[in-house]
Amino acid sequence: MSNTRAACVIGWPARHSRSPKLHRYWIERYRIDGDYRVEEVTAQDFPAFIADLAGHGYVGANVTMPHKDAALKLPEPDARARAVGAANTLWLDNGRLRSTNTDVEGFIGALDTAAPGWHERTERAVVLGAGGASRAVVYGLIERGVKTIHVANRTFEKAAALRERFGPSVKPARWSDLPRLLDGTKLLANATSLGMKGQPDLAIDLSALADDCVVADVVYVPLKTGLLAAAERRGLRSSNGLDMLLHQAVRGFELWFGVRPEVTRELFELLAADIMKA
Ligand code: ATR
């Protein structure tokens, strides 16, 4: 019998996922007897599939659309998945199916790379969006001690719900509040889908941001979003969505294969080339 450990990405559809490329890079680099595959599973079949993950040959999985809610509810979520209210990674913990959210460390890991020590000078941040990605971003900022987090969203009620979830450091805001909120801000994060290929642009004026502001975007297609291009023109440091994708993958790989992999420039270039080709 083979000793190969395997993980997969489960989605519907899932064949466009970039996770196989990135996990296989690490499997090769660390000479692991492992594999990472794509599993296209419908919402209807998802519960049965993950209930017998080992029977399907897997020690763990990434979970993408449309299974993110089910991934939180069906296995036993860890504290982080519960706090964020979303799970993207599954693993078998002594035979028990667990779920976690690795977007928090993805966002923070990318930010640490782009601007080491950012949290020491950031008392106040502005986050755009109030969906699942935003919850991971806001949770990460709170963990790192940012005291005031303005969450601006097209639908105000969803921003208000983040205050209910995370407490009074979250200040819900309307899109029209942005000019005032951006004034002097040292951290701006886009957690909406605006700026993504095929979506409308994120058109906001960055001129009032602090000169040492860091601008982060969770969108990674295109690599350099309109927001990051505008930040560059203003001479601001930026944290990109691809770095976030790579850093969020670290924890899953470690849980499944027992090695904490490094996010290298070479890996970034490999995935960047793939995105550019698309
Ligand atoms: P994810 O899980 O990736 O965060 P999501 O939960 O669908 O995805 O959230 C998408 C975010 O992008 C939301 O904040 C959404 O705003 P609404 O809550 O008002 O829907 C935001 N968004 C998407 N399209 C937008 C648009 N055209 N203008 C402004 N905000 C938009």
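Given the structure is predicted, the values throughout are model-derived calculations rather than measurements. (Residues numbered from 1 in each chain as written. Predicted model: local features only at pLDDT ≥ 70, side-chain atom pairs only at ≥ 80, totals over all residues. Heavy atoms only, no water.)

1. Some remarks on the side chain of Asn 62
Rules: Strands are runs of DSSP state E lasting at least two residues, helices are runs of H or I lasting at least four, and both sets are numbered from the N terminus onward. Here a polar contact is taken to be a pair of N or O atoms separated by no more than 3.5 Å, where protein atoms must pair a possible hydrogen donor with a possible acceptor and residues adjacent in sequence count only if both atoms sit in side chains. By the convention used here, residues are in contact when the closest approach between their heavy atoms is within 4.5 Å.
By secondary structure assignment, the location of Asn 62 is in strand E3 (residues 60–63). Of the polar contacts made by the side chain of Asn 62, one reaches the side chain of Thr 89; its length is 3.4 Å. Sequence-distant contacts of Asn 62, that is, excluding residues within four places in its chain, are made with Cys 8, Val 9, Ile 10, Ser 19, His 23, Tyr 36, Asn 88, Thr 89 and Trp 256.

2. Overview of the packing of aromatic side chains
Condition: What counts as a ring pair is set by centres within 6.5 Å for rings of Phe, Tyr and Trp (its six-membered ring), and what kind of pair is set by the plane angle: stacked under 30 degrees, edge-to-face over 60, tilted for all other angles. The criterion is that NZ of a Lys, or CZ of an Arg, lies within 6 Å of the ring centre and within 35 degrees of the ring normal, and then a charge sits over that ring.
By the definition in use, this model includes seven aromatic pairs. With a centroid separation of 6.1 Å and 45° between ring planes, the pair formed by Tyr 139 and Phe 166 is classed as tilted. Taken together, the residues Tyr 139 in helix H6 (residues 132–143) and Phe 166 in helix H7 (residues 156–166) connect sequence positions 27 residues apart. Aromatic side chains Trp 256 and Phe 257 sit 6.3 Å apart centroid to centroid with 85° between the ring planes, which places their arrangement in the edge-to-face category. Taken together, the ring pairs in this structure connect Trp 26, Tyr 30, Tyr 36, Phe 253, Trp 256 and Phe 257 into an aromatic cluster. When the ring centre of Phe 156 is taken as origin, the NZ or CZ atom of Arg 174, which lies over that ring, is 4.1 Å away.

3. Topic: the pattern of salt bridges
Going by this rule: We define a salt bridge as a side-chain nitrogen of Lys or Arg found within 4 Å of a carboxyl oxygen belonging to Asp or Glu. Each residue's exposure class comes from its accessible area (1.4 Å probe, protein chains only) as a fraction of the maximum for that residue type: buried when under 20%, exposed when over 50%, partly exposed otherwise.
Summed over all chains, the structure comprises 21 salt bridges. One salt bridge connects Lys 147 with Glu 123, and the closest N-O pair in it is separated by 3.7 Å. Residue Lys 147 is located in the loop between H6 and strand E8 (148–153), and its partner Glu 123 is located in the loop between helix H5 (103–114) and strand E7 (124–128); the two are separated by 24 residues in the primary sequence. For the pair Lys 147 and Glu 123, a shared accessibility class is recorded, and that class is exposed. The partner of Asp 274 in a salt bridge is Lys 277, with the nearest N and O atoms 3.9 Å apart. You can see Asp 274 and its partner Lys 277 sitting in helix H11 (residues 265–277), three residues apart, about one turn around the helix. Looking at Lys 277, the relative accessible area reads 68%, which means it is exposed. Among the charged side chains, a network of salt bridges with common partners joins Arg 18, Lys 21, Asp 274 and Lys 277.

4. Side note on the layout of surface pockets
Formally: Cavity and pocket criteria rest on a 1 Å grid covering protein atoms alone: a 1.4 Å probe that fits but cannot get out defines a cavity, protein on both sides within 12 Å along at least 5 of 7 lines defines an open pocket, and an atom within 4 Å of a point defines a lining residue. Grid points are joined across faces, edges and corners, and a volume is the space filled by probe spheres set on the points. For this classification, Asp, Glu, Lys and Arg are treated as charged, while Ala, Val, Leu, Ile, Met, Phe, Trp, Tyr, Cys and Pro are nonpolar and the rest, including Gly, are polar.
By volume, the largest pocket is sized at about 1,700 Å³. For the largest pocket, the lining is made up of 49 residues, of which Met 65, Lys 68, Ala 133, Met 196 and Tyr 220 are closest to its centre. Put simply, the parts of the chain that give the lining of the largest pocket at least two residues each are E3, helix H3 (68–73), H6 and helix H10 (241–257). When residues in the lining of the largest pocket are grouped by element, the largest group, four residues, is from H10. Looking at the lining of the largest pocket, its residues break down into 22 nonpolar, 18 polar and nine charged.

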